[in-house]
Amino acid sequence: MTRRGDPPVSVIIPAYNSERYIGEAIASVLGQTHEDFELIVVDDGSTDRTQDRASAIRDDRIHVIATANQGVGAARKTGLDAAAGQIITYLDADDRWRPEKLATEVELFRAEPEVGVTFANFVRFTEAGEWLPDQFQFYRELSGVRTRPAAVGPGRVIEGSAFEALVGFGEFPTFQQAMAFRAEVVSDLEPASMEWDAEGVITFHEDLDFCLRAFARTGVAYFTEPLVEVRRHEGNATAEWDKAYRAKLNNLLALELDLKDLKPGDRRALRRRTGKEWVWVGRAEARRGRLGTALGCYVRGAAAGQPLSAGKAALALPRDRVRGVPPSARNLRSDS
């Protein structure tokens, strides 16, 4: 239930050729127990009836914006620029929220002024009606993060630097449909573009870029109860995520380059995490038979503060098949 004095909420749905699911996504927003929000649907140049389906739903809180096709990051930014709310939330057009999502987030933001970002657990479901395990099973590192109970409600507030804690995760909690942001934290963040290689594998992920930059700016809290239902189908943009072994590395390298004002502890944590990713990328390259490239990755991983894991991985290479270190890895100076 909405209370007097609650901060206004903007819900942004970027949609591209989503006529099959957009009605269900919108219905899950209109069914929220927190009723004070605006819903901005950004039709990203769809060639189907997505815009018609969204416009046909009669509710004064819904605003539909039609743009040329620019990608989901740009569509989210279009919605953000149009948003009037103090709290910004996103929902993918093929997913849906459980009824208490907005109320749970608003309650925490009201009680915790130092928290600027929240993320929630979620569950996946298939077109056949199968329910998959919840997302927090993939956040094994969460049990080691120092937290306290939120002042009210079921949330946990991360103590100390949230960026330092979260950037070390193997699976980053950066699924925007399960998150909420104070507008003041993200209003000036420019969108990154999703990038793919020639084989159609993701090499840069805009969700990861946006959310990690937000983590670096503010306090973070989370909810262990699933508040979101994420649909698994053949058209998911993240369907090839498990093959995109370079995507996380590329995102981390971009953060190292761009975030000049990180606190020393945050920068050390980012560097260590980048080192781990170099090693993981090296292992993936080795499995593909690219042993020279793999060795170069291990050198970079060692230089970024992971000498032990990089050394173990290098020793596992079939030495008689190693043809040398790629030129990009030669003369690499370690400052660890």
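Scroll up to find the structure this text is about.
Residues numbered from 1 in each chain as written. Predicted model: local features only at pLDDT ≥ 70, side-chain atom pairs only at ≥ 80, totals over all residues. Heavy atoms only, no water.

Undergrad: Explain the overall build of the chain to me, and be specific about the residues and the numbers.
TA: Helix and strand counts for the chain stand at eleven helices and twelve strands. By residue count, 51% of the 336 residues in the chain fall in the buried class. In the chain, the proportion of contacts linking residues at least 24 apart, taken out of those at least 6 apart, comes to 76%. Here the chain displays about 15700 Å² of accessible surface, and carbon together with sulfur accounts for 49% of that area. (Helix = DSSP H or I, 4+ residues; strand = E, 2+ residues; numbered from the N terminus. Buried < 20%, exposed > 50% of the residue type's maximum accessible area, 1.4 Å probe, protein only. Contact = heavy atoms within 4.5 Å. Areas by Shrake-Rupley, 256 points an atom, 1.4 Å probe, with all protein chains shown as cover.)

Undergrad: Can you lay out the environment of Leu166 for me, pointing to particular residues and giving the numbers?
TA: Along the chain, Leu166 turns up in helix H5 (residues 162–166). Measuring from C-alpha to C-alpha, the distance between Leu166 and Tyr139 comes to 9.7 Å, with 27 residues separating the pair along the chain. Ignoring sequence-local partners within four residues, the contact set of Leu166 consists of Phe119, Ile158, Phe172, Pro173, Phe215 and Val220.

Undergrad: An account of unusual backbone geometry is needed here, citing residue identities and associated values.
TA: Look at Asn17: it is not a glycine, yet its phi comes out positive at around 50 degrees. Assignment of secondary structure puts Asn17 in the loop between strand E1 (9–15) and helix H1 (22–30). Judged by relative accessible area, which is 31%, Asn17 ranks as partly exposed.

Undergrad: Which residues make up the side chain of Ser18, and what are the values?
TA: Positionally, Ser18 belongs in the loop between E1 and H1. A polar contact of 3.0 Å, which involves the side chain of Ser18, links it to the backbone oxygen of Tyr16. Sequence-distant contacts of Ser18, defined by excluding residues within four places in its chain, comprise Asp48, Thr50 and Ala93. (Polar contact = N/O pair within 3.5 Å; in protein donor to acceptor, adjacent residues only side chain to side chain.)

Undergrad: Which residues make up the pattern of salt bridges, and what are the values?
TA: If you walk through the whole model with that rule in mind, you get 21 salt bridges. In this structure, Glu171 and Lys248 form a salt bridge, with 3.9 Å as the shortest nitrogen-oxygen distance. Taken as a pair, Glu171 in the loop between H5 and strand E9 (179–182) and Lys248 in helix H8 (residues 247–258) lie far apart in primary sequence, 77 residues in all. Considered together, Glu171 and Lys248 belong to a single accessibility category, that of buried residues. The residue Arg213 makes a salt bridge to Asp258 at a minimum N-O spacing of 2.9 Å. Taken together, the positions of Arg213 in helix H7 (residues 206–215) and Asp258 in helix H8 put the pair 45 residues apart, joining distant regions of the chain. Its relative accessible area of 15% is what places Arg213 among the buried residues. Linked by salt bridges that have partners in common, Arg20, Glu24, Arg96, Arg98, Glu127, Glu229 and Arg231 make up one network. (Salt bridge = Lys/Arg side-chain N within 4 Å of Asp/Glu carboxyl O.)

Undergrad: Pulling in residues and values, what's your account of the nonpolar core?
TA: One broad trend across soluble globular proteins is that nonpolar side chains are buried collectively. Counting residues in each nonpolar core, the largest one holds 75 residues, and the members touching the most others are Ile13, Leu39 and Phe181. In terms of residue count, strand E12 (residues 219–232) provides more of this core than any other element does, seven residues in total. The contact partners of Ile13, leaving out residues within four places of it in the chain, are Ile22, Ala25, Ile26, Val29, Leu39, Ile40, Val41, Val42, Leu91, Asp92 and Ala93. Core analysis: the second largest hydrophobic core is formed by seven residues, Val279, Leu291, Ala310 and Leu317 among them. (Core = buried A, V, L, I, M, F, W, Y, C linked by side-chain atoms within 4.5 Å.)

Undergrad: Give a description of H7 that names residues and reports values.
TA: Across the ten residues that make up H7, a large majority, ten, are buried. Looking only at H7, the buried set comprises Glu206, Asp207, Leu208, Asp209, Phe210, Cys211, Leu212, Arg213, Ala214 and Phe215.

Undergrad: Explain the packing of aromatic side chains to me, and be specific about the residues and the numbers.
TA: Throughout the structure, instances matching the rule amount to eleven aromatic pairs. Their ring planes at 55 degrees and their centres at 6.0 Å tell us that Phe119 and Phe136 sit as a pair that is tilted. Taken together, the residues span a long stretch of sequence, with Phe119 in strand E6 (residues 115–126) and Phe136 in the loop between E6 and strand E7 (147–149) at a distance of 17 residues. Look at Phe119 and you get buried, because its relative accessible area is 2%. When the ring of Phe119 is compared with that of Tyr222, the centres are 5.5 Å apart and the planes differ by 25 degrees; the resulting orientation is stacked. Taken together, the residues Phe119 in strand E6 and Tyr222 in strand E12 connect sequence positions 103 residues apart. (Phe/Tyr/Trp six-rings, centres within 6.5 Å; stacked < 30°, edge-to-face > 60°.)

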